[in-house]
Amino acid sequence: MLCCVELLYISGSSFSPRSAQEMKHMETISSLFHGNTPDDYQRLDSKTEREAVSSSGEQPWEMVMDKKHFKLWRRPIEGTHLYQYRVFGTYTDVTPRQFFNVQLDTEYRKKWDSLVIKLDVIERDLATGSEVIHWVTHFPYPMYSRDYVYVRRYSVDKENNMMVLVSRAVEHPSVPEDPEYVRVRTYESQMVIRPHKTFDENGFDYLLTYSDNPQTVFPRYCVSWMVSSGMPDFLEKLHTAALKAKKMEIEVRDYMSAKPIESGGGGEGKASVASAEPKSEGTRGPAQLEYA
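Residues numbered from 1 in each chain as written. Predicted model: local features only at pLDDT ≥ 70, side-chain atom pairs only at ≥ 80, totals over all residues. Heavy atoms only, no water.

The protein chain appears in an unreviewed UniProt entry as StAR-related lipid transfer protein 7, mitochondrial from Apteryx owenii. Listed in UniProt under the heading Subcellular location (unreviewed entry), the comment for the protein chain reads: "Mitochondrion". As recorded by UniProt, the Function (unreviewed entry) comment attached to the protein chain reads in full: "May play a protective role in mucosal tissues by preventing exaggerated allergic responses." (UniProt positions renumbered as here; feature names shortened; annotations may be inferred.)

Dropping the structure here:
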């Protein structure tokens, strides 16, 4: 059952302060890599970079990929063979709203992400905007395809000038395990988007922090290689999809207009969210969305 603790995990009031703090820290770090202009790019030595990225008292991050427009770090998750990953990047040719909407629009993703086998909204909480998603995706040969069942919640915080999208794996009685796929039961993701100016002007930074357990028998370094090699391709496809949405080649649902914008307190939305998608999936009130 998706209990109150699970819902609090994805509520605006629980993640806004921490998200703002992490984003501010990464923006400070980003300034170390750049001079007075965006083209003035420099690489730091590994020790300086590692000390800068890691907050005081936490396990250090190791840089895996260092590109001009994004950087990818990882760090081991204690007691496991897994890594947690963090990506910090910048785009200047699309708006935060477009990028945010493309992240959320499941129907559009089926068109631009060729790895998607299935991607459906299973259930929606009209009061909070929380959604339960079933996602089936191809994995590199010779591995079986993986499927995820996760709950997600998004928030637009005008006071802190940022957007946040958080997701976490759950269980749902409508989506039992399918022997054709490998069920991923451990998955967490948080995307923070900070506009350079406004939500509707080009330019923003984003911070993605995520981890999952793909349940593969391959060693950790193999899994890390798959993640780091696949990340540039995914980001490029996501960016291209956002550009097409900007040019109105593809109609994308406007999630910012579909639910109340938070004014800084990050509290629960008080109005119901009108669904602009087909209503084949379950739609329930906050007291009824209690799975996982």
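Now that the structure has been shown, we can carry on.
(A) The arrangement of the pairing of strand β10 (residues 204-212) in detail. The element β10 is largely enclosed, with a buried count of nine among its nine residues. Of the two faces of β10, the one lined by F204, Y206, L208, Y210 and D212 and the one lined by D205, L207, T209 and S211 are each fully buried. Here strand β3 (residues 83-91) pairs with β10 via seven bridges, running antiparallel. Residue G89 lies in a different strand from β10, and its bridge partner there is Y206. Of the strand pairs in this sheet, strand β9 (residues 187-195) and β10 are connected by nine bridges, and their pairing is antiparallel. When the sheet's bridge partners are listed, V192 is paired in β10 with L207. (Buried < 20%, exposed > 50% of the residue type's maximum accessible area, 1.4 Å probe, protein only. Helix = DSSP H or I, 4+ residues; strand = E, 2+ residues; numbered from the N terminus. Pairing = 2+ DSSP bridges.)

(B) Structural view of the pairing of strand β7 (residues 162-169). Of all eight residues making up β7, seven are buried, and the element is well covered by its neighbours. Between strand β6 (residues 146-157) and β7, which pair antiparallel one after the other, the connecting turn spans four residues, and N161 there sits at a positive phi close to 55 degrees.

(C) Focus on the environment of K118. With respect to the helices, strands and loops of the structure, K118 is situated in strand β4 (residues 116-125). With 19 residues separating them along the chain, K118 and T137 place their C-alpha atoms 7.0 Å apart. Filtering out sequence-adjacent residues up to four positions away, K118 remains in contact with H134, W135 and V136. (Contact = heavy atoms within 4.5 Å.)

(D) Structural detail: the nonpolar core. Formed by 34 residues in total, the largest nonpolar core has its most connected members in F70, V87, F99, F100, V102, I193 and Y206. In terms of residue count, helix α6 (residues 220-246) provides more of this core than any other element does, six residues in total. Membership of the second largest hydrophobic core comes to ten residues, among which are V116, I133, W135 and Y150. (Core = buried A, V, L, I, M, F, W, Y, C linked by side-chain atoms within 4.5 Å.)

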